[in-house]
Amino acid sequence: MITRFAPSPTGPLHLGHAYSAILAHDMARAAGGQFLLRIEDIDQTRARPAWETQIYDDLRWLGLTWDGPVWRQSDRMDSYYRVIDDLWQRGHLYICTCTRRHIQAALSAPQEGANVGPDGLIYPGTCKPRRNHLASAEIRDAVLRFDLDTLTDDDMSFKNNGLRIDVTLDDLRRDVGDFVIGRKDSGTSYHLSVVLDDAAQGVTDVVRGADLADATQIHVALQRLLGLPTPRYHHHDLIRDENGKRLAKRDDAKAIAKFRDEGATPADIRRMVGLCP
Ligand code: GLU
């Protein structure tokens, strides 16, 4: 068994992160497997070395140890670009110049139906008919979208928390739409890099919060397309604040470091996320 914790160094780790990290760590240790740490820093406008340092510090304090060297996604951009290039050559991608406002306007047309998927508004396909016939000035601000109509595998089932989840191409069209695979600020996308890295690191079990459960169908579709194995998924409940709101990165109030400064022990953190110390 190989599990991983894959935080983005864009803010302090909070109780929700502690929950993911502890579950993934304990699961690997109980099975005599490996627990890996991967820093997901493709968004270089938000990633900060200081947050990365704090991640190591918080995990060590929690008593978690990881195996092998830490992978950093910003070191792996070439491998993401190679796959994007390949998908482009194979005709799976198209250039999209729509802004959020364009998408919103297109979706408010009565026949479109405004739906929200894992990445926000489900793209209505506005740029698809013109494919890649663009003025070069337009390309500068464009993103690359995956054309779901080029997928042929209709079985994208996977295991989540031990249950088989069946996903078909029609489900993807309805619930996700043509998702972004490359963007101008980061070059790649969360979906592509996470799928490539989980496969390259041999991850057998992905443990993460239920907020990412909807994105899993995208990941499984990419795994089928790229001929990569699909790990088992374990999406855990989200840790919420007193008002039932899920914790956000900027939510310093629930930062592990803050509890630590206030005298909490690692066992207290385990108790706070509902685990036995
Ligand atoms: N990097 C993501 C985050 O910090 C987690 C990705 C994953 O576990 O798949 O929210």
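Definitions and limits used
- Residues numbered from 1 in each chain as written.
- Predicted model: local features only at pLDDT ≥ 70, side-chain atom pairs only at ≥ 80, totals over all residues.
- Heavy atoms only, no water.
- Helix = DSSP H or I, 4+ residues; strand = E, 2+ residues; numbered from the N terminus.
- Rg over C-alpha atoms; globule rule 2.2 N^0.38 Å.
- Buried < 20%, exposed > 50% of the residue type's maximum accessible area, 1.4 Å probe, protein only.
- Contact = heavy atoms within 4.5 Å.
- Pairing = 2+ DSSP bridges.
- Axes fitted to C-alpha atoms, helices over the stretch in contact; angles between N-to-C directions.
- Near = heavy atom within 4 Å.
- Polar contact = N/O pair within 3.5 Å; in protein donor to acceptor, adjacent residues only side chain to side chain.
- Areas by Shrake-Rupley, 256 points an atom, 1.4 Å probe, with all protein chains shown as cover.
- Nonpolar A, V, L, I, M, F, W, Y, C, P; charged D, E, K, R; others polar.
- Parallel < 35°, antiparallel > 145°, perpendicular 65-115°, else oblique.
- Left-handed = near helix turned anticlockwise from the far one by under 90°.
- Phe/Tyr/Trp six-rings, centres within 6.5 Å; stacked < 30°, edge-to-face > 60°.

Participant: Report on the overall build of the chain, specifying residues and quantitative values.
Facilitator: The helix and strand inventory of the chain stands at 10 helices and 12 strands. Against the globule reference of 19 Å for 277 residues, the chain gives a C-alpha radius of gyration of 20 Å, in line with a compact fold. In terms of its C-alpha atoms, the chain occupies a principal-axis envelope of roughly 60 × 35 × 35 Å. Looking at the chain as a whole, 50% of its 277 residues are labelled buried. Taking the contacts inside the chain whose residues are at least 6 apart along the sequence as the reference set, 75% of them involve residues at least 24 apart.

Participant: Describe the sheet that holds strand 10 (residues 180-182), with residues and values.
Facilitator: Within the open sheet, the three strands sit side by side as 4-7-10. Their pairing is antiparallel. Edge positions in the sheet fall to strand 4 (93-96) and strand 10, since each has one partner strand and no second. Recorded for the sheet is a direction-independent mean angle of 45° between the axes of neighbouring strands. Taken strand by strand, helix 3 (residues 77-89) contacts strand 4, strand 7 (143-146) and strand 10, and its axis lies near 100° from that of strand 4.

Participant: So what's going on with the site of the ligand? Which residues, and what values?
Facilitator: Neighbouring residues of the ligand: R4, A6, P7, S8, E40, Y190, V194, R208 and L212. For the ligand, a nitrogen atom lies 3.1 Å from a polar atom in the side chain of S8. The contact in question runs from a nitrogen atom of the ligand to an N or O atom on the side chain of E40, over 2.6 Å. The fraction of the free accessible surface of the ligand (300 Å²) that becomes covered by protein chains is 79%. Taken together, the residues that form the shell around the ligand break down as five nonpolar, one polar and three charged.

Participant: If you had to explain the pairing of strand 11 (residues 205-209) to someone new, which residues and values would you point to?
Facilitator: For strand 11, the tally of buried residues reaches five of five residues, placing the bulk of the element in the interior. Two elements, strand 1 (residues 2-5) and strand 11, share two bridges in a ladder whose sense is parallel. Directly across from T3, in strand 11, lies its bridge partner D205. Pairing between strand 11 and strand 12 (residues 232-236): five bridges, direction parallel. Directly across from R208, in strand 12, lies its bridge partner H235.

Participant: Can you lay out the packing of helix 7 (residues 190-200) against helix 8 (residues 216-226) for me, pointing to particular residues and giving the numbers?
Facilitator: At a minimum axis separation of 10 Å, helix 7 and helix 8 run at an interaxial angle of 60°. The pairing of helix 7 with helix 8 is recorded here as oblique in orientation. In the packing of helix 7 onto helix 8, the handedness of the crossing is right-handed. Contacts between helix 7 and helix 8 pair Y190, H191, L192, V194, V195 and L196 from the former with I218, H219, L222, Q223 and L226 from the latter. Class assignment of the residues belonging to the contact of helix 7 with helix 8 gives a composition of eight nonpolar, three polar and no charged.

Participant: Give a description of the packing of aromatic side chains that names residues and reports values.
Facilitator: Going through the model one piece at a time under the given rule, you end up with three aromatic pairs. Plain terms: the ring middles of F146 and F179 are 5.4 Å apart, the flat faces sit at 10° to each other, and that makes the pair stacked. Of this pair, F146 sits in strand 7 while F179 sits in the loop between helix 6 (169-175) and strand 10, placing them 33 residues apart in sequence. Residue class for F179 comes out buried when judged on its relative accessible area of 3%. Seen in terms of ring centroids, F158 and Y233 are 5.9 Å apart; in terms of plane orientation they differ by 80°. Their pairing is edge-to-face.

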